[in-house]
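Residues per chain are reported as follows:
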Number of protein chains: 2
Amino acid sequence: METMTAVMQEGTFPSVSSPSVTAPADKAADHGDHSACRAVNDVLSRVGDKWSMRVVMNLDRGPMRFNELRRAIDSISQRMLTRTLRGLERDGLVSRTVTPSVPPRVDYALTPLGQSLREPVQALGDWAMANRAAVEDARTTFDAGCDE
Amino acid sequence: METMTAVMQEGTFPSVSSPSVTAPADKAADHGDHSACRAVNDVLSRVGDKWSMRVVMNLDRGPMRFNELRRAIDSISQRMLTRTLRGLERDGLVSRTVTPSVPPRVDYALTPLGQSLREPVQALGDWAMANRAAVEDARTTFDAGCDE
DNA sequence: CGGGATCCCTAGCGATACTG
DNA sequence: CAGTATCGCTAGGGATCCCG
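Note that the coordinates shown come from a computational prediction; the quantities given were computed from them, not determined experimentally.

Caption draft 1: Examining the overall build of chain A more closely. The secondary structure content of chain A amounts to 5 helices and 3 strands. Burial status across chain A gives 43% buried among its 148 residues. Looking at chain A as shown, the accessible area adds up to about 7,800 Å², and 53% of this sits on carbon and sulfur atoms.

And the structure:
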């Protein structure tokens, strides 16, 4: 077995409501809500994972079987689909339903928790769509200025 | 992302390896929106990166110098801070300002683009905070049922 | 102080091949 | 069909030393 999501120890994340944009030189260290940071880092790992969100997005349209998902995502290897689904299942984002028929049938579906995750992820997706041009442009500019 | 090969020598920083844009015009891969998927995967990689968001969150409180950031994030290595900042700068999320004084001074700050990213990320952070108990519970249950 | 260059170890992931 | 198991590669990332 293995630990899929690397849990870290400290840092800062939510509750960043100190808009002292012009006043540095004070405490530089994070203010320690360790558990909060861990949770955020945790979900970020899930989301940032190469395949998790692809799976979630596909599952959004209803339950799917293993190879159905495999074909839908297309470029994913069978190994990674298995591992990704296990991770999502472990986190309670996806449910796994086995139907012991003659060819065994397994359906994967989003749990309510999984569905609720879709919303903030969608927001991030919207940001990506809205700003990808800016980002790509910045990249081009940066690369050019670096090499010239 | 295709032009990022000659810029660095030790391996270019983040980015999603190859978003499965294998060329065939049809093939009925995902559900249509290839470019959208690529953009989302892209930003997801940034966000899911171990350090990027930590840096962004710290920078939210105003410009900071290199070692100031280093101390703030604390567990980050100098190498990763450099690389993370480069990546964020390349994507236009962070600006780098050099002041050629006797001890050289370099300030990093969030660009407007970087600040705008904070919002959807915050939403994700909120989700994490709201559901971390559910996730941890699911994990415990899963692990127990798996090993018992 | 800021950051490039090296060394090296580990996790992530893809490609088979095999099983119920 | 739905996995599990094994191998091997490479990108991620920590530690260290060095330089302007």
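There's more to say after this.
Caption draft 2: Looking closely at the sheet that holds strand 3 (residues 105-110) of chain B. All names here are of chain B. Within the open sheet, the 3 strands sit side by side as 1-3-2. Their pairing is antiparallel. Two strands close off the open sheet at either side, each with one partner strand: strand 1 (64-65) and strand 2 (94-99). Examined bridge by bridge, strand 2 and strand 3 share 6 bridges and lie antiparallel to one another. Paired with S95 across the bridge in strand 3 is A109. In the packing of helix 4 (residues 78-90) onto the sheet, the strands contacted are strand 2 and strand 3, and the crossing angle to strand 2 comes to about 110°.

Caption draft 3: Local environment of the nonpolar core. Formed by 60 residues in total, the largest nonpolar core has its most connected members in A:V55, A:L59, A:L69, A:L117, B:V55, B:L59 and B:L69. When sequence neighbours within four positions are dropped, the list of residues in contact with B:V55 reads B:L69, B:I73, B:L81, B:T84, B:L85 and B:L88.

Caption draft 4: Spotlight on the protein's contact with DNA strand D. Around DNA strand D, 22 residues are found, and the nearest of them are A:Q78, A:R96, A:Y108, B:R79 and B:M80. Here DNA strand D approaches the protein such that, of its atoms within 4 Å, sugar and phosphate make up 58%. In the environment of DNA strand D, a phosphate oxygen lies 3.2 Å from a nitrogen or oxygen atom belonging to the side chain of B:K50. Taken together, the elements giving at least two residues each to the surface near DNA strand D come down to helix 3 (66-73), helix 4 (78-90) and strand 3 (105-110) of chain A together with helix 4 of chain B. The biggest single contributor to the surface near DNA strand D is helix 4 of chain A, with 4 residues. Split into classes, the residues belonging to the surface near DNA strand D amount to 9 nonpolar, 6 polar and 7 charged.

Caption draft 5: How the structure looks around the pattern of salt bridges. Scanning all chains against the criterion turns up 14 salt bridges over all chains. A salt bridge links A:R90 to B:D143, with the shortest nitrogen-to-oxygen separation between them at 2.4 Å. Remark: B:D143 occurs in helix 5 (residues 112-147) and A:R90 occurs in helix 4; the pair is interchain, linking two chains. Residues B:D60 and B:R118 are paired through a salt bridge, measuring 3.4 Å at the closest nitrogen-oxygen approach. On the criterion of sequence distance, the pair formed by B:D60 in the loop between helix 2 (52-59) and strand 1 and B:R118 in helix 5 is long-range, its members being 58 residues apart.

Caption draft 6: Here's a closer look at the environment of A:V55. Within the element layout of this structure, A:V55 appears in helix 2 (residues 52-59). Sequence separation of A:V55 and A:A39 is 16 residues, and the distance between their C-alpha atoms is 21 Å.

Caption draft 7: The arrangement of the protein's contact with DNA strand C in detail. Taken together, the neighbourhood of DNA strand C is formed by 22 residues, with A:M80, B:N67, B:Q78, B:R96 and B:Y108 sitting nearest. Near the protein, meaning within 4 Å, the atoms of DNA strand C are sugar or phosphate in a fraction of 58%, with bases accounting for the rest. Here a phosphate oxygen of DNA strand C and a side-chain polar atom of A:D49 are 3.4 Å apart. Take B:R79: an N or O atom from its side chain is 3.2 Å from a base oxygen of DNA strand C. Elements that contribute at least two residues to the surface near DNA strand C include exactly helix 4 of chain A together with helix 3 (66-73), helix 4 and strand 3 of chain B. Residues of the surface near DNA strand C, tallied by class, amount to 8 nonpolar, 6 polar and 8 charged.

Caption draft 8: Fine view of the sheet that holds strand 3 of chain A. Residues and elements named next belong to chain A. Taken in spatial order, the 3 strands line up as 1-3-2 in an open sheet, and their pairing is antiparallel. Only two strands of the sheet have a single neighbouring strand rather than two, namely strand 1 (64-65) and strand 2 (94-99). Relative to strand 2, helix 4 is tilted by about 110°, and along the sheet it contacts strand 2 and strand 3.

Caption draft 9: Representation of helix 3 of chain B within the structure. Residues and elements named next belong to chain B. Every buried residue of helix 3 is listed here: E68, L69, A72 and I73. Around the axis of helix 3, the buried residues are gathered within 120° of arc, so they sit on the same side. Tucked into the core, helix 3 has its buried residues touching helix 2, strand 1, helix 4 and strand 3.

Caption draft 10: Region of interest: the packing of helix 2 of chain A against helix 4 of chain A. All names here are of chain A. Running from N to C, helix 2 and helix 4 point in directions that differ by 75°, and their axes come no closer than 10 Å. Taken together, helix 2 and helix 4 sit at an angle that is classed as roughly perpendicular. In this structure, helix 2 contributes S52, V55 and V56 to the contact, and helix 4 contributes L81, T84, L85 and L88. Among the residues making up the contact of helix 2 with helix 4, the classes are represented as 5 nonpolar, 2 polar and no charged.

Caption draft 11: Region of the structure containing helix 2 of chain B. Here helix 2 of chain B lies mainly inside the structure; 8 of its 8 residues are buried. Listed in full, the buried residues belonging to helix 2 of chain B are B:S52, B:M53, B:R54, B:V55, B:V56, B:M57, B:N58 and B:L59.

What counts and what doesn't
- Residues numbered from 1 in each chain as written.
- Chains lettered and ligands numbered in written order.
- Predicted model: local features only at pLDDT ≥ 70, side-chain atom pairs only at ≥ 80, totals over all residues.
- Heavy atoms only, no water.
- Helix = DSSP H or I, 4+ residues; strand = E, 2+ residues; numbered from the N terminus.
- Buried < 20%, exposed > 50% of the residue type's maximum accessible area, 1.4 Å probe, protein only.
- Areas by Shrake-Rupley, 256 points an atom, 1.4 Å probe, with all protein chains shown as cover.
- Pairing = 2+ DSSP bridges.
- Contact = heavy atoms within 4.5 Å.
- Axes fitted to C-alpha atoms, helices over the stretch in contact; angles between N-to-C directions.
- Core = buried A, V, L, I, M, F, W, Y, C linked by side-chain atoms within 4.5 Å.
- Near = heavy atom within 4 Å.
- Polar contact = N/O pair within 3.5 Å; in protein donor to acceptor, adjacent residues only side chain to side chain.
- Nonpolar A, V, L, I, M, F, W, Y, C, P; charged D, E, K, R; others polar.
- Salt bridge = Lys/Arg side-chain N within 4 Å of Asp/Glu carboxyl O.
- Arc of directions from axis to C-beta.
- Parallel < 35°, antiparallel > 145°, perpendicular 65-115°, else oblique.

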